[in-house]
Amino acid sequence: MKFIHTKKPTLVPFSILFIALISLSFIYLKKDDSIEEALLMERYENDTTASAVIISDVGRSFFNFDHPAYGLELVFERKIIVKIFDSDGYGWADFYIPLYIGEKNEEDVVDLKGFTYNLLDGKVEKTKLSKESIFEEKTTDDYKQVKVTMPDVREGSVFEISYVVSSPFVFNLQSWTFQKSIPVIYSEYQAEIPEYLEYNKNVRGYFPIADHQIKERMSTIGGKPSSNAQHFTRTNQSSATINFVENVETWKTYDIPAFTDEPYMTDADNFKTAVTFELAYTRFPNGTIENYTTTWEDINRKLMELDKFGKALDRTGFLKSVMPVALGSAGSEDEKIANIYNYIHAKLKWDGKNSLFTSGNLKSVHEDGIGNSADINLLLIAMLREAGIKTFPVALSTRDHGMIFPTNPTITSFNYLVAGVIRDDQYLLIDATEPNAPLGIIPYRCLNGVGRLLDNQGGQWINVSSKPEKEKTIVEYSFDLEEERISGTHNHIYCDQAAYGFRNEYASEEGSRTFKENMEKVVSGLGINSVAFEKMKELQEDPSSLCELNLEDHFTSTGDVIYFNPLFFDAMKSNPFKLEKRDYPVDYGVPSDDFYYAKINLPEDYAVESVPEEISIILPGRAAEYVYSAKVVGNFISVRSQLKINQTVFTADHYADLKNFYDLIVKKQSEQIVLKKV
Amino acid sequence: MMQHLGKILLLVLTIFWSFAGAQDPVAIINDYQVDFRVIDRTQAIERVKKSITIFKKDGDSFAQPYVFYDQFIRVKSFECKQTDTAGKDLKKFRNGDVLDESITQAGTIYDDNRIKYFPLQKTTYPYVVTYEYEVEYNGLLHYPRFYPQPDFNVEVEHSQLTVSVPKDLDLRYKLVATDIQPSIRESSEVINYSWELNQLKAVNEELLSPPPGEILPSIYLGPNDFEYDGYPGSLRSWETFGDWLYKLLPANSSLDPREKEKIKSIAAGCKSTIDKVSALYEYMQKKTRYVSIQLGIGGFQPMPPDKVSELGYGDCKALSNYMRTILAAADIPAYYTVIGAGRTNTSFSFTDFPNSFQANHVILTVPITEDTVFLECTSQKNPCGYLGSFTGGRNALLVSEDGGKMIETTRLKIEDYLHHTVASYVLQNDGSLEGKYEKNYHGVAHEAVQGYDQKSETDMRNDFLAQINHPGLDLKSINYTIKEDKNPDIEEIIGFNIPGYAQMSGDRIFFNPNVFSRWSFQLTKNDSRKQPIDIGEPTYEVDSVIFSLPDGFLVEANIDPVHLSNEFGEFRVAVENDRNKLIFIRELKLHKGRYPKERYEELRYFFKEIIKTDKAQLVLVQKKT
């Protein structure tokens, strides 16, 4: 063990993840007096608590047709200037440049320079970044990175870094993230793209881009004997030149605030202001158009022609002998679907990988009994089709893969597919990867807005939604005043999404013991005498847990008064929304319905003094609703509480309502019933 | 509804278990063999073979085949297969399937630590992974540690460690949680040692278990004489190991003369030695930042002080040695001190087994007549002399021209963990509670709120609110102030209003006088506790709160005073009523310590009573007129 430990982890604010790396930033200033100005800055006036600020971050991508080794070269230049205010900002002085490694070539940093500026007795002191502070490291087979640590960085320092990345990969046009975890005063990106290359651009984020310009200009290739642009038909005169149009597009932002993560958010990169590119096609003067992607219809066609996607659905001769076994005696279409679904569950294991493409061919997937999500769901589609059921693949993007932007057609938008069965103009979506999910339940990871149903007509967008996450809790409790406890039964029924979650957690042999242990760990004073699970194996039905239990310290008795909370441990303990204000939407993924009913038997000689008032709260458009009532019925009290979230996405302007809604619920659920001795 | 309930109770139960007995293991290691052959001081070969059956998800991590390497370790072979329990291949791995990645940790800018591993196929349980590898060491500072049971809930059928050492070298070993002695065989050139550990039953994790490394069997191996990156040394004693480390320190007097002048002038401006140390520590903190670069002997040898001064950064070794050089320029002797850092680190607990693996960090020891000062040189924020939970109260190896010497850093007392709250609240007759509290976080406790005074108001508010469970709490004001710099103390002042804090019910008001200091950690019942109880960190909380009650209300039912005192600690709550005022006093002390398992029920009862008291409510009743 080397003595390499580290200061406290809380003081190390940077991440080594690639995605984060790409967003790391840097500068551009025209005159040296701007550096002096930055050195004199005490704080950033728009955010006086920022530990560092990016003064400017300027990038430019362009093409060079004369690269000696690979001809067409994609060049990315960047300059970043950062001001450090205090030691929490030191993490910005260590930064990373990720570089892609291909089969034959790789990206390289060709011109890396850096300077740190400090103000010493009113004079600017400049320290140069030297080789000993630059490291290159191969991180995985596909990536390497250049790491730089700036010299002589102190509180108040300003540093600038500039570098050039030379890339042989025209598909890898650098994306640009304008927003960072610290404020960015000025950010600019320029892409200079010759008419021979076409990219689909996607601009996203909540903070708008202040200035966007597109210009055309004429450029010239060649004229030098070393010119090696093999894409161009040339006469033998090596000094010939070719004129072409170049599209110059520029984006600028000013004073972008720091990005902060918020809970209940899908991938943070969906919300940071950024521009990304995907190569659509190339069309060089001497050649034909080489398409990459263009429209969703083209993507549809292209996917259906790929061996590892659409074509795999045609090579299904082996199913002839499989189908009778899978279908059994199924008669109706519903029975056929159910039997095929069950057959796949029994026969195939999911290897845990999300994929849009098969790993091999469906025949060998079927033989091996194991596969990625595409293997399993394509086989499902093939079998449904074989049984005469009209089924199409539905391509989608999982929640951690980011949103699909319909205005920006790219194959990489997708990373998953499920089966879409067409029935009377409706779609039944089926995913067969989860052994504990009943037919028709789409796993939570796939609930990310829309999916693309891929057919022979170019496809269409459909909503990927799921049945609500529904839970019912029904309890009956009685007081045992002598033992100072409450005893009774607690029955919890899990429906649809909730059922699948419950089975995932507790379907194993030891499930009920784990369940007991987990409950007892969380609830103080709870003793579970027995637990029974029901319908755990019957996937099409709702499973439940039934406990016989004792509760200590869940009521208080002083003199002849007893008071207790009728929701006991089922009460919501705290509001999930703690932030006072929010910038990004709350995304639940799935609607929910949580129902609680309690029958509480009155102890002998006691009468009800007071019960909490009944309430009913409904958010506009029935986006969410809550009802609570407690009533005395003869010798027992009946309590009902039901929370329904009907809408899955709440935009930031509805955040205050939603937070307030939960506040009222938590408060209501903490209220007590008072009993008094007769 | 009644009928509905009846039906549910009558349902036929399809699954039913009793809860007696231990948890089943998550994995069984069927066979595990480690063969370690020392060739000479610098070279050795290690061969590892393992076959493991995984029964559930929690066991997956134990199946992962991996091997770490760096410039001194060469991976000669690495093979793996994954099968079901019948031996049918789930996945045959080929050489090309090995992934090779850097494992440089966050906070380190560069080192050469890498990992090779096979990505296992996700599949259903149980499954079996069998793998073997061979590595060659060129540079030996420490020998492998053998711990067949990697964690709780893993069973071992058969495991064996064999070691061969040339006769001109010695092998030292240390046994933890086992007393199994090796069988020893001598040949003409080497001595062979062999340990077999079979049928090791899975040990279940329990609440407040000691760390697995202390209760599961381990065999630690170590050389007497070694050579690492061309630097020969000896681990015969702490003294000799310290000698090796001392000789790696770069020459002392290489600072730029101008910097030396500056140092001297700073020192000249201070009266006492401690003031000088403090001023120079601040000088160093301002001038540098922590950057870790580890390569070869650079894992143990600090970067020269003039280089640190020039670049303005360094790792723990470089910064500590730089500080040592600064103090030397002011004629204050200080010592480079190797230590294990981290809240749970066992830093050199094997005092009888000199080693390097029980350390990962370096600090500086400055002996001053009144009191020894320890300096954490990687922090830009710590007050001078503050170690806290990172390196406080543990063994450390002080390195000097006389070699190494075992010392102990400043001990942490329970007072170093004090949270002290003083408050005054007003309960309104609509049930809302309004008021202000001042809470002081002392010593180690202050680490939880370190740097809060520099946070933005929004972050301050959000971080505070994220921990509070009072619905509708309106945070009126929030402020953090550093009260005492040398012995840290951060004061948190919170002004708030909680609408509906108390529940109104007819003539009565119910409310809990403990608003923010409720204990929630409870122990589950366990009649067959297996392991001793380990309380790793103390707790110390003192609260005194004055409540003003709404007009016209009297206390109908007060909370009975509680005073529990035992070896684990002390808990005291008293609520006194004086006309329309209530005074709530609470004190909780829980000592760090290790206790026999027989006392588990006693501790459980203690926690239970604390929880019960902390959620008790008072009843107020309206005066009859």
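Quick notes on the rules
Residues numbered from 1 in each chain as written. Chains lettered and ligands numbered in written order. Predicted model: local features only at pLDDT ≥ 70, side-chain atom pairs only at ≥ 80, totals over all residues. Heavy atoms only, no water. Helix = DSSP H or I, 4+ residues; strand = E, 2+ residues; numbered from the N terminus. Contact = heavy atoms within 4.5 Å. Areas by Shrake-Rupley, 256 points an atom, 1.4 Å probe, with all protein chains shown as cover. Lys, Arg positive; Asp, Glu negative; His and termini not counted. Charge placed at Lys NZ, Arg CZ, Asp CG, Glu CD. Core = buried A, V, L, I, M, F, W, Y, C linked by side-chain atoms within 4.5 Å. Buried < 20%, exposed > 50% of the residue type's maximum accessible area, 1.4 Å probe, protein only. Patch = residues over 30% accessible without salt bridge, like charges linked within 9 Å, V, L, I, M, F, W, Y side chains within 5 Å. Salt bridge = Lys/Arg side-chain N within 4 Å of Asp/Glu carboxyl O. Domains from an automatic or database assignment. Buried area = accessible area lost by both parts, 1.4 Å probe. Polar contact = N/O pair within 3.5 Å; in protein donor to acceptor, adjacent residues only side chain to side chain. Nonpolar A, V, L, I, M, F, W, Y, C, P; charged D, E, K, R; others polar. Disulfide = S-S within 2.5 Å. Pairing = 2+ DSSP bridges.

### What about the overall build of chain B?
Logical step 1: Counting its secondary structure elements, chain B contains 11 helices and 40 strands.
Logical step 2: Here the C-alpha coordinates of chain B stretch approximately 105 × 85 × 45 Å along the principal axes.
Logical step 3: For chain B, the share of sequence-separated contacts (at least 6 apart) that also reach a separation of at least 24 residues comes to 71%.
Logical step 4: A total of about 27600 Å² of accessible surface is found on chain B, and carbon and sulfur atoms cover 48% of it.
Logical step 5: Mean positive and mean negative side-chain charge positions of chain B (71 and 87 charges, respectively) differ by 3 Å.

### Considerations on the nonpolar core
Logical step 1: If you look at the biggest cluster of nonpolar residues, it comprises 55 residues, and the most contacted ones within it are Phe564(A) and Phe661(A).
Logical step 2: If you tally residues by element for this core, the top one is helix H10 (residues 655–668) of chain A, at 5 residues.
Logical step 3: Core analysis: the next-biggest nonpolar cluster, separate from the first, contains 53 residues, Tyr452(B), Ile533(B), Val545(B) and Leu618(B) among them.

### Focus on a nonpolar patch on the surface
Logical step 1: A cluster of nonpolar side chains, contributed by Leu40(A), Leu119(A) and Val124(A), occupies part of the molecular surface with about 240 Å² of accessible area.
Logical step 2: By secondary structure assignment, the location of Leu119(A) is in strand E5 (residues 113–120).

### Focus on the domain arrangement of chain A
All names here are of chain A.
Logical step 1: For chain A, the assigned domains read domain 1 (2–291), domain 2 (301–463) and domain 3 (471–677).
Logical step 2: Each partner contributes residues to the interface: domain 2 has 14 residues there, and domain 3 has 12 residues.
Logical step 3: Across the domain 2 to domain 3 interface the summed buried area is about 1100 Å²; carbon plus sulfur atoms make up 51%.
Logical step 4: Summed over the shared surface of domain 2 and domain 3, the number is 1 salt bridge.
Logical step 5: Inspection of the domain 2/domain 3 interface yields 4 residue pairs in polar contact (both at pLDDT 80 or more).
Logical step 6: Across the side of domain 2 that touches domain 3, the residue classes tally to 9 nonpolar, 2 polar and 3 charged.

### Considerations on the state of the cysteines
Logical step 1: For the structure on display, the rule yields 0 disulfides over all chains.
Logical step 2: Counting only cysteine sulfurs, Cys495(A) is the nearest neighbor of Cys547(A), a cysteine outside any disulfide, at a range of 17 Å.

### Concerning the side chain of Ser347(B)
Residues and elements named next belong to chain B.
Logical step 1: Within the secondary structure, serine 347 sits in the loop between strand E22 (335–339) and strand E23 (361–366).
Logical step 2: Within polar-contact distance, the side chain of serine 347 engages the backbone nitrogen of glycine 340 at 2.8 Å.
Logical step 3: Among residues more than four places away in sequence, those in contact with serine 347 are Ile339, Gly340, Gln358, Arg394 and Asn395.

### Let's talk about the pairing of strand E17 (residues 225–228) of chain B
Residues and elements named next belong to chain B.
Logical step 1: Where E17 and strand E18 (residues 231–234) come together, 4 bridges link them in antiparallel fashion. Bridge assignment links aspartate 225 to a residue of E18, and that residue is serine 234.
Logical step 2: A loop of 2 residues connects E17 with E18, the two strands running antiparallel in sequence, and aspartate 229 in this loop sits at a positive phi of about 50 degrees.

### Some details on the pattern of salt bridges
Logical step 1: Using the criterion set out here, one finds 80 salt bridges over all chains in the structure.
Logical step 2: Between Arg60(A) and Glu192(A) there is a salt bridge; the shortest N-O distance is 2.6 Å. In this pair, Arg60(A) is assigned in strand E1 (residues 52–67) and Glu192(A) in strand E11 (residues 184–194), connecting sequence segments 132 residues apart.
Logical step 3: The salt bridge partner of Arg47(B) is Glu134(B), with a shortest N-O separation of 3.2 Å. Taken together, the residues Arg47(B) in strand E3 (residues 43–54) and Glu134(B) in strand E10 (residues 127–138) connect sequence positions 87 residues apart.
Logical step 4: We classify Arg47(B) as partly exposed; its relative accessible area is 37%.
Logical step 5: The exposure class of Glu134(B) is buried, given its relative accessible area of 17%.

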